[in-house]
Amino acid sequence: YQYQLALERFEWNEVKKVKSIVPMIHVSWNVARTVKSMKHIQVLRDQLVAGGKKISYQSRVKEEPAYYCNECDVEVFDLLFVTSESNSRKTYMVHCEDCARHRSPSLANVVVLEQYRIDELMSAYDSFNLCSPAR
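Since this is a predicted model, take the numbers as computed values, not measurements.

A.B. asks: Can you walk me through the layout of surface pockets in this structure?
C.D. replies: Gaps between atoms show up when a probe of the same size as a water molecule is rolled over them. Roughly 1,500 Å³ of internal volume is contained in the largest pocket. Along the wall of the largest pocket there are 38 residues; nearest its centre are R60, E75, F77, Y116 and L121. Where the lining of the largest pocket is concerned, the elements lending two or more residues are helix 1 (2-15), helix 2 (24-32), helix 3 (35-50), strand 3 (75-76), strand 4 (79-86), helix 4 (97-103) and helix 5 (118-126). When residues in the lining of the largest pocket are grouped by element, the largest group, five residues, is from helix 3. Taken together, the residues of the lining of the largest pocket break down into 22 nonpolar, eight polar and eight charged.

Now the structure itself:
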């Protein structure tokens, strides 16, 4: 959704002859290169399942914000490592894999949530089109 909005703005800027502050052609090619992150997600998922870790599917809702690791602030995509902090009320913290394993190498007391099925990611990647702006 964010990419679509950025692309529409880029095209509007082209029509109005305004230099875009976001280099969308470069962004688009970088998006296309992220197939390696899909492979990483699949390998990580397979390793977790093989190690006996249960993964719960919890799809994203429209306009849900991106998640960042509570420890190191890296963006966490698809596989969320969630811990519960015991306070007067339940507080859930999202972690990246590295920080979750640093807290608990066996991922005890860590819930792994999957926001996209791998076939959803593959379908999105396969349907991705890089279109050149009309000249």
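A.B. asks: Honestly, the packing of aromatic side chains in this entry has me stumped. Any pointers?
C.D. replies: The way to describe two aromatic rings as a pair is by their centre distance and the angle between their planes. Under the counting rule described, the total for this entry stands at one aromatic pair. Over the ring of Y57 we find R117; its NZ or CZ atom is 3.7 Å from the centre of that ring.

A.B. asks: Teacher, can you tell me more about helix 1 here?
C.D. replies: For an α-helix the count is 3.6 residues per turn, leaving residues at separations of three or four pointing the same way. The end-to-end C-alpha separation of helix 1 is 20 Å, in line with the 20 Å expected for 14 residues at 1.5 Å each. Backbone geometry just downstream of helix 1 places K17 in the positive-phi region, at approximately 60°.

A.B. asks: How should the environment of A100 be read in this particular structure?
C.D. replies: Among the secondary structure elements, A100 is positioned in helix 4. When the C-alpha atoms of A100 and V82 are compared, they prove to be 8.0 Å apart, with 18 residues separating the residues in sequence. Not counting residues within four places of it along the chain, the set of residues in contact with A100 comprises F81, H95, L107 and V110.

A.B. asks: Sorry if this is basic, but what is going on with the state of the cysteines here?
C.D. replies: Disulfide: a covalent bond connecting the sulfur atoms of a pair of cysteines. Here the structure, examined in full by the defined rule, presents zero disulfides. The thiol of C69 is not disulfide-bonded; the next cysteine sulfur, from C99, is found 3.7 Å away. Here C69 falls in the buried class, since its relative accessible area comes to 1%. Here C72 stays unpaired: no disulfide links it, and the sulfur of C69, its closest cysteine neighbor, is 3.8 Å away. Residue classification places C72 among the partly exposed residues on the basis of a relative accessible area of 41%.

A.B. asks: I would appreciate a short explanation of the nonpolar core in the present structure.
C.D. replies: Across soluble globular proteins, nonpolar side chains show a tendency to be buried alongside one another. Formed by M38, I41, L44, L48, I55, L79, F81, A100, L107, V110, V112 and L121, the largest nonpolar core amounts to twelve residues. Only helix 3 and strand 4 provide two or more residues apiece to this core. For this core, the leading source of residues is helix 3, giving four residues. Not counting the four nearest positions on each side in its chain, V112 is found in contact with L48, K53, K54, I55, S56, L79, L80 and F81. Grouped together as the second largest cluster of nonpolar side chains are eight residues, L80, V94, C99 and L113 included.

A.B. asks: Could you clarify how one ought to interpret the environment of V61 in this entry?
C.D. replies: Mapped onto the fold, V61 is located in the loop between strand 1 (55-57) and strand 2 (67-68). C-alpha separation for the pair V61 and Q115, spaced 54 residues apart in sequence, amounts to 9.3 Å.

Calculation notes
Residue numbers restart at each chain and count upward from 1, following the sequence in its written direction. Selection of residues for local features in this predicted model requires a pLDDT of at least 70, selection of side-chain atom pairs for listing and counting requires 80 or more, and totals for whole chains, interfaces and linings are taken over all residues. As a rule here, side-chain values cover all heavy atoms of the structure and leave hydrogens and water aside. Buriedness of a pocket was judged along seven lines, with at least five required to meet protein on both sides within 12 Å; pockets are open sets of points on a 1 Å grid over the protein atoms alone, cavities are sets where a 1.4 Å probe fits but cannot get out, and lining residues have an atom within 4 Å of a point. Grid points are joined across faces, edges and corners, and a volume is the space filled by probe spheres set on the points. Helix and strand assignments come from DSSP, with helices taken as H or I runs of at least 4 residues and strands as E runs of at least 2, each series counted from the N terminus. Under this grouping Gly is polar, as are all residues other than the nonpolar Ala, Val, Leu, Ile, Met, Phe, Trp, Tyr, Cys and Pro and the charged Asp, Glu, Lys and Arg. Pairing of aromatic rings covers Phe, Tyr and the six-membered ring of Trp, with a centre-to-centre limit of 6.5 Å; geometry is then stacked below 30 degrees between planes, edge-to-face above 60, and tilted otherwise. Here, a charge over a ring means that NZ of Lys or CZ of Arg falls within 6 Å of the ring centre while also lying within 35 degrees of the ring normal. A helix is expected to span 1.5 Å multiplied by its residue count minus one. By the convention used here, residues are in contact when the closest approach between their heavy atoms is within 4.5 Å. In plain terms, two cysteine sulfur atoms within 2.5 Å form what is called a disulfide here. Categorising residues by exposure relies on relative accessible area from a 1.4 Å probe, with only protein chains included: less than 20% of the type maximum marks a residue as buried, more than 50% marks it as exposed, and the intermediate range marks it as partly exposed. Throughout, nonpolar core names a set of buried Ala, Val, Leu, Ile, Met, Phe, Trp, Tyr and Cys residues whose side chains join them through atoms within 4.5 Å.

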